[in-house]
Structure formats: C-alpha cells, structure tokens
Amino acid sequence: MPRKQFEQVMKREWRPVQLKGDAVPRWLRGIPENIVHSIYASGSEISGLEYNDTYIPSGRLIGNLEVYRNAADDPVKLNKDGYPIISVRGTDSMVLVRGPMKDSEHWIDEIPSRFKGVEVLGVPPLNDTEA
C-alpha cells in the first residue's frame, strides 16, 4: 500500500480513528458498502515494535487496520479482521499490509468501546454557515 494512504493515521500517534470515504485505503474500497460496517485504524511514524512472521521476515509495525463487516450468515452481528501495517527497509513510499488476521474479537455483536467517540477521517468538516 502506498505509505501516503496511511499518513493521516500515523500523525495521530496511535490514537485510533475511524476511516470513511477518501480516508479508506484504496485496496479496501472494493468491499461492497452493504458488507462493510466500519473501519478503524491507528499507527505512528515512529515505532520501536519489530515485526516478523513467515511472510515478512523483518520490518517495523507502524499501524493496524480493523475492518468490521456485517455478518448476515453468522450468529453474531459483526466479523472483524485485523491488518498489521509494516514498514520495511529500502522503501519510504510503500508499506506492507498483512492479513486478514483473526483474533478473539473476530465474532462480536458490537464495536468495542475503545472506538467510541474517535475522530472520523475522510468526512469533510462543516463550514461555519452549516453548523
């Protein structure tokens, strides 16, 4: 993924945000609107967290995406998939996205409380005459 598509998230220094509209990375925009419930992200330009796994032998964890989908065929309301965002040496313009990864929150009925009241990126601010 182009690093530029994640820059606004990284500026918030791990404070989670909800992504909408143009703030959603392009590779996620193909998911039909009736399936996607919401997308949350967090990250930072500076990370001391090393990342490695079978597919990515060396990198730095600089962020995470959490994609919540409506789960029409499941006994719960939502499914969540996580996507770690990894910076690797040798490129300043691209980051790697790993996933989807499932965790203990994969099958849930509501968005976790840690996301209540977060800033929403990608929604134009109201101008003074509309407020």
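Conventions we followed
- Residues numbered from 1 in each chain as written.
- Predicted model: local features only at pLDDT ≥ 70, side-chain atom pairs only at ≥ 80, totals over all residues.
- Heavy atoms only, no water.
- Salt bridge = Lys/Arg side-chain N within 4 Å of Asp/Glu carboxyl O.
- Helix = DSSP H or I, 4+ residues; strand = E, 2+ residues; numbered from the N terminus.
- Buried < 20%, exposed > 50% of the residue type's maximum accessible area, 1.4 Å probe, protein only.
- Contact = heavy atoms within 4.5 Å.
- pLDDT = per-residue confidence, 0-100.
- Phe/Tyr/Trp six-rings, centres within 6.5 Å; stacked < 30°, edge-to-face > 60°.

## As for the pattern of salt bridges
For the coordinates displayed, the defined rule picks out ten salt bridges. For the salt bridge of Glu105 with Lys80, the shortest nitrogen-to-oxygen distance reads 3.0 Å. Pair noted here: Glu105 is in the loop between β6 (96-97) and β7 (107-108) and Lys80 is in strand β5 (residues 78-87), with a separation of 25 residues, a long-range link. Summarising the burial analysis for this pair, Glu105 and Lys80 share the class buried. Lys102 is the salt-bridge partner of Asp81, the closest N and O atoms lying 3.6 Å from each other. Of this pair, Asp81 sits in strand β5 while Lys102 sits in the loop between β6 and β7, and the two are 21 residues apart along the sequence.

## Thoughts on the side chain of Ser87
By secondary structure assignment, the location of Ser87 is in strand β5. Of the residues examined, Ser87 reaches a relative accessible area of 9% and is grouped as buried. Excluding residues that lie within four positions of it along the chain, Ser87 makes contacts with Arg3, Gly59, Arg60 and Ile62.

## Notes on the confidence of the model for the chain
For the chain, the average pLDDT comes to 91, and 95% of its residues sit at 70 or higher. Ranking the elements of the chain by mean pLDDT puts strand β3 (residues 50-51) last with 94 and strand β1 (residues 17-19) first with 98.

## Here's the deal with the environment of Val120
The topology assignment puts Val120 in strand β8 (residues 119-121). Take Val120: its relative accessible area is 33%, and that puts it in the partly exposed class. What Val120 contacts, discounting residues up to four positions off in sequence, is Gln18 and Lys20.

## Some details on the packing of aromatic side chains
This model, assessed by the stated rule, comprises four aromatic pairs. Taking 6.3 Å as the distance between ring centres and 75° as the angle between the ring planes, the aromatic pair formed by Tyr68 and Phe115 counts as edge-to-face. Linking Tyr68 in strand β4 (residues 59-70) with Phe115 in the loop between β7 and β8, this pair joins segments that are 47 residues apart in sequence. Taken as a pair, Tyr68 and Phe115 share a single burial class, namely buried. One aromatic cluster is present, formed by Tyr40, Tyr68 and Phe115 through successive ring pairs.

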